Amino acid sequence: MNSPLPSNSGSFPSTRLRRPRREDWSRRLVAEQQLTVNDLIWPLFIHEGTNIREAIPSMPNVNRLSLDLMVDAIAEAAELKIPAIALFPATDSNLKTDDAREASNPDNLVCRAVRKIKEAKLDIGIICDVALDPYSSHGQDGLVREGYVVNDETVEALCKQSIVQAAAGCDIIAPSDMMDGRIGAIRKALDAEGYDHVQIMSYAAKYASAFYGPFRDAVGSSGNLGTGDKRTYQMNPANGDEALREVALDIAEGADMVMVKPGMPYLDIVHRVKSTFGVPTYAYQVSGEYAMLAGAAAQGWLDHDKVMLESLLSFKRAGADGVLTYFAVEAAKLLRG
Ligand code: PBG
């Protein structure tokens with residue numbers, strides 16, 4: 001129906017980029033990217049007990065769930081065809097120790113959660129984070145010796161953590177710790193134990209970011225970390241070339257997929273990683289990004305659904321194959337509708 005719209009006479013300019021934007025069908029026809037439910041990974045926070053749904057004040061609409069409610073929530077995600085979930089435990093503070101030994105307890109909260117999800121026989125992949133911070137009394141991702149997070153000893157602990165998670169049935173091991181050499185060591189450890197089918201999604205370019213604040217509240221590690229930070233192992237936000245070196249090493253060590261984290265402030269890194277290596281590349285729209293958007297939307301300052309979908313689409317345009325996002329379920333419902 002072009003006729004009722006005012007026509008442009010004359011021949012200047014002959015190339016009009018607005019021409020294909022005039023009708024909805026045409027805008028859809030020339031769209032370069034499309035966000036689908038297959039692009040979504042849902043991170044969720046889990047908690048001991050039954051029938052527990054605890055709100056996280058800095059993350060509107062996100063809750064910590066006990067395992068019974070978790071299974072129902074994941075069943076809904078599977079129904080929506082979300083391909084994978086990522087589990088994050090809020091560990092009881094009396095289980096946190098200096099050596100974070102709870103991380104390799106085969107009956108820890110995450111392992112029990114994985115077994116419970118597997119028992120429900122849902123068509124959904126399970127991703128488990130590998131790092132010591134949910135279990136350490138100091139809130140660091142690794143073992144601390146004389147005030148410094150030591151690398152090689154930490155990697156040994158991470159291998160043990162990976163093995164118990166794989167034994168519980170985890171499909172994708174996701175090391176988020178940023179120790180050097182951990183991908184190769186974990187790959188070797190998994191293979192030696194017969195878990196050669198378990199995939200590794202490496203948090204390859206993970207920055208020392210202030211956008212993780214609400215997450216640390218959600219898993220209860222911010223109090224433990226105190227005024228400490230993770231700048232001796234997570235990357236400096238000033239660096240881009242270094243991200244490519246991190247990714248190159250992780251691919252060489254056997255990572256099946258790589259991740260960039262945070263997401264929106266690092267879309268340049270997503271783009272460079274995907275265009276340089278062409279490997280499955282994921283971005284994590286982290287807790288602080290979620291808080292910004294969901295918090296502003298809750299105030300009525302932003303349109304919730306529109307900013308959610310626009311932000312997720314931006315990851316696709318940058319080259320990501322998928323996005324870890326706390327919006328996954330809401331976005332999947334909209335995309336299906
Ligand atoms: C733990 C871990 C963190 C996140 C995922 N895994 C926090 C951190 O490194 O302190 C952050 C996720 C988010 O902010 O949504 N190693």
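Computed from a predicted model, the values in this text were never measured in an experiment.

Novice: Residues and numbers for the overall build of the chain, please.
Specialist: Each helix and strand counted, the chain has twelve helices and twelve strands in total. Rg of the C-alpha trace for the chain: 21 Å, near the compact-globule value of 20 Å for 337 residues, within the 12% margin. By principal-axis analysis of the C-alpha atoms, the chain measures approximately 75 × 45 × 40 Å. Residues classed as buried in the chain amount to 53% of the 337 residues present. Of all intrachain contacts in the chain linking residues separated by at least 6 positions in sequence, the fraction that spans at least 24 positions is 74%. Approximately 15,900 Å² of the chain is accessible, and the part contributed by carbon and sulfur atoms is 50%.

Novice: Summarise the pairing of strand β4 (residues 84-89); cite the residues concerned and give the values.
Specialist: A large share of β4 lies buried, amounting to six of its six residues. Here β4 shows a buried face lined by A84, A86 and F88 and a second buried face lined by I85, L87 and P89. Judged from the six bridges that link them, strand β1 (residues 40-47) and β4 form a sheet pairing that is parallel. Bridge pairing in β4 links I41 to A84. By the bridge criterion, four bridges tie β4 to strand β5 (residues 125-130) in an arrangement that is parallel. The residue of β5 that forms the bridge with L87 is C128. Assessed by its sense of winding, the connection that carries the chain from β4 through helix α3 (residues 109-119) to β5 is right-handed.

Novice: I'd love a proper account of the nonpolar core, names of residues and values included.
Specialist: If you look at the biggest cluster of nonpolar residues, it comprises 112 residues, and the most contacted ones within it are F45, M70, L87 and M201. Not counting residues within four places of it along the chain, the set of residues in contact with F45 comprises I56, M59, V62, N63, R64, L65, F88, F215, A218, V219 and Y326.

Novice: An account of the environment of N38 is needed here, citing residue identities and associated values.
Specialist: Residue position: N38 is located in the loop between α1 (24-29) and β1. Ignoring any residue separated from it by four or fewer positions in sequence, one finds N38 in contact with K81 and P83.

Novice: Break down the site of the ligand for me, with residues and values.
Specialist: Of all residues adjacent to the ligand, which total 18 residues, the nearest are K206, R216, K261, S287 and Y326. Residue S176 places a side-chain N or O atom 2.8 Å away from a nitrogen atom belonging to the ligand. Between S287 and the ligand, the recorded distance is 2.7 Å, taken from a side-chain N or O atom to an oxygen atom. Protein burial of the ligand: of its 400 Å² of free accessible surface, 100% is covered by the chains.

Novice: Please give an account of the pattern of salt bridges that cites residues and values.
Specialist: A full pass over the atoms with the stated rule returns 20 salt bridges. Among the ionic pairs, K274 bridges to D321, the shortest N-O distance being 2.8 Å. Residue K274 is located in helix α9 (residues 267-277), and its partner D321 is located in the loop between α11 (304-318) and β12 (322-325); the two are separated by 47 residues in the primary sequence. We classify D321 as partly exposed; its relative accessible area is 29%. When salt bridges with common partners are traced through the structure, they connect D24, R27 and R28 into a single cluster.

Novice: Quick one: what's the story with the environment of N108, residue by residue and with numbers?
Specialist: Within the secondary structure, N108 is located in the loop between β4 and α3. Judged by relative accessible area, which is 0%, N108 ranks as buried. In sequence terms N108 and D256 are 148 residues apart; their C-alpha atoms lie 26 Å from each other. The contact partners of N108, leaving out residues within four places of it in the chain, are E102, A103 and Y135.

Criteria and cut-off values
Residues numbered from 1 in each chain as written. Predicted model: local features only at pLDDT ≥ 70, side-chain atom pairs only at ≥ 80, totals over all residues. Heavy atoms only, no water. Helix = DSSP H or I, 4+ residues; strand = E, 2+ residues; numbered from the N terminus. Rg over C-alpha atoms; globule rule 2.2 N^0.38 Å. Buried < 20%, exposed > 50% of the residue type's maximum accessible area, 1.4 Å probe, protein only. Contact = heavy atoms within 4.5 Å. Areas by Shrake-Rupley, 256 points an atom, 1.4 Å probe, with all protein chains shown as cover. Pairing = 2+ DSSP bridges. Right-handed = clockwise from strand over helix to strand, strands pointing away. Core = buried A, V, L, I, M, F, W, Y, C linked by side-chain atoms within 4.5 Å. Near = heavy atom within 4 Å. Polar contact = N/O pair within 3.5 Å; in protein donor to acceptor, adjacent residues only side chain to side chain. Salt bridge = Lys/Arg side-chain N within 4 Å of Asp/Glu carboxyl O.

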